[in-house]
Amino acid sequence: MSIASESNWQSHGGVLSVHTHESQVCNCTMRFAVYLPPQAKSSHVPVLWYLSGLTCSWANVMEKSGLQAAAAEHGIAIIAPDTSPRGEQVADDDEYDLGQGAGFYLSATQAPWSSHFHMDKYINEELSALVGANFPVNMNAQGITGHSMGGHGAITLHLKNPSVYKTVSAFSPITSPSQVPWGQKAFSAYLGNDKTSWADYDATELVKKQASNAVILIDTGSSDQFLENQLQPATFIDACKQSDQALNYRMQEGYDHSYYFVASYISDHIAHHASSLKSL
């Protein structure tokens, strides 16, 4: 498969570019962004996947977080996929937390969503192959991070593929989606009412079954407006303790759910990944 380049900008000595391609997995045109640090001009660099949250696209993190400075410092490429399939032929919903912009990084089994919504397979297989074939990156040194819904995606993809995504972190992740309104709504629509199928996309349930060897870094703001109703970090923290999963869960005083919060700690997260990936 080929990719088409839409735009590119110089940033901190590297290049931020946006691309489209025809996805066989999602059955539509997909868009993604890549930041290549200056080190990519002379060598293959490690890869950090960034998965965005509800209503977002590649643009949110690339335009609002300021990640380019830290990525350039550490020599890490950042890949930002879209959050869902999009287009007139793709099923959608009137609410922001279902349909386009709300793919939840899973493979839907229920109509009408199952025709296009296969974001976990898309990232793991199709987009990963495209990135490896078209950019100077070391696919043996991959990490994954994300925000909110994307934090959910990052942790679950890591726990299910620890040999692929060797490092992991998240901002304000939905770590127990089976137990909170956002996750229950999405899982019911995409996966159906058989809750046994939900466990495969629930970080709390996954970590109970098998801890990874990585240290999971998580930052959440104490003033996050979704903290009690949608995030409920205590459930995941308890599950990690039970399974001996290494976890560094930091509650940051006064921060909310916004990209002001992400921008404040993105350099910490990139350093967390770089400390392991650069040696691979």
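Only a predicted model underlies this, so the values are computations on that prediction, with no experimental measurement involved.

Caption draft 1: Representation of the overall build of the protein within the structure. Counting its regular elements, the protein contains nine helices and nine strands. On C-alpha atoms alone, the protein measures out to a radius of gyration of 17 Å, which is about the 19 Å that the 2.2 N^0.38 rule sets for 280 residues. Each principal axis of the C-alpha distribution contributes one length, and for the protein these read about 50 × 40 × 35 Å. Looking at the protein as a whole, 59% of its 280 residues qualify as buried. Within the protein, counting contacts between residues at least 6 apart in sequence, those at least 24 apart form 71% of the total. Surface exposure of the protein reaches about 10900 Å², of which carbon and sulfur atoms provide 46%. A gap of 6 Å separates the mean positions of the 14 positive and 26 negative side-chain charges of the protein.

Caption draft 2: Here's a closer look at helix 9 (residues 259-277). Over its 19 residues, helix 9 runs 25 Å from end to end, which matches the ideal 27 Å to within 8%, given 1.5 Å per residue. At Y265, helix 9 is bent by approximately 45 degrees, the largest bend along its length. The distance from a side-chain oxygen at the start of helix 9 to the backbone nitrogen of Y260 is 3.2 Å, and the residue carrying that oxygen is S258.

Caption draft 3: Highlighting the side chain of H116. Here H116 shows up in the loop between strand 5 (77-81) and helix 3 (119-134). Its relative accessible area of 6% is what places H116 among the buried residues. Within polar-contact distance, the side chain of H116 engages the backbone oxygen of C26 at 2.9 Å. Apart from the residues lying within four places of it in its own chain, the contact partners of H116 are V25, C26, N27, C28, P85, Q89, V90 and A91.

Caption draft 4: Geometry of the sheet that holds strand 2 (residues 14-23). Taken in spatial order, the nine strands line up as 1-2-3-5-4-6-7-8-9 in an open sheet, and their pairing is mixed. The two strands at the open ends of the sheet, each matched to only one other strand, are strand 1 (4-11) and strand 9 (247-252). Recorded for the sheet is a direction-independent mean angle of 20 degrees between the axes of neighbouring strands. Note: strand 3 (residues 28-36) against strand 5, four bridges, orientation antiparallel. Considered in strand 5, the bridge of F32 is made with P81. Relative to the sheet, helix 3 contacts strand 2, strand 3, strand 4 (45-51), strand 5, strand 6 (137-146) and strand 7 (165-171), its axis offset from that of strand 2 by approximately 120 degrees. In this fold helix 9 packs onto strand 4, strand 5, strand 6, strand 7, strand 8 (216-221) and strand 9, with an angle of close to 165 degrees to the strand it touches most, strand 7.

Caption draft 5: View of the environment of A77. Mapping A77 onto the fold places it in strand 5. As for A77 and K166, which are separated by 89 residues in sequence, their C-alpha atoms are 15 Å apart. A77 has contacts with Y35, L36, P37, V45, P46, V47, L48 and V137, leaving out every residue within four places of it along the chain.

What counts, and where the lines are drawn
Residues numbered from 1 in each chain as written. Predicted model: local features only at pLDDT ≥ 70, side-chain atom pairs only at ≥ 80, totals over all residues. Heavy atoms only, no water. Helix = DSSP H or I, 4+ residues; strand = E, 2+ residues; numbered from the N terminus. Rg over C-alpha atoms; globule rule 2.2 N^0.38 Å. Buried < 20%, exposed > 50% of the residue type's maximum accessible area, 1.4 Å probe, protein only. Contact = heavy atoms within 4.5 Å. Areas by Shrake-Rupley, 256 points an atom, 1.4 Å probe, with all protein chains shown as cover. Lys, Arg positive; Asp, Glu negative; His and termini not counted. Charge placed at Lys NZ, Arg CZ, Asp CG, Glu CD. Expected span 1.5 Å × (residues − 1). Bend = angle between axes of the 7 residues up to and from the residue. Polar contact = N/O pair within 3.5 Å; in protein donor to acceptor, adjacent residues only side chain to side chain. Pairing = 2+ DSSP bridges. Axes fitted to C-alpha atoms, helices over the stretch in contact; angles between N-to-C directions.

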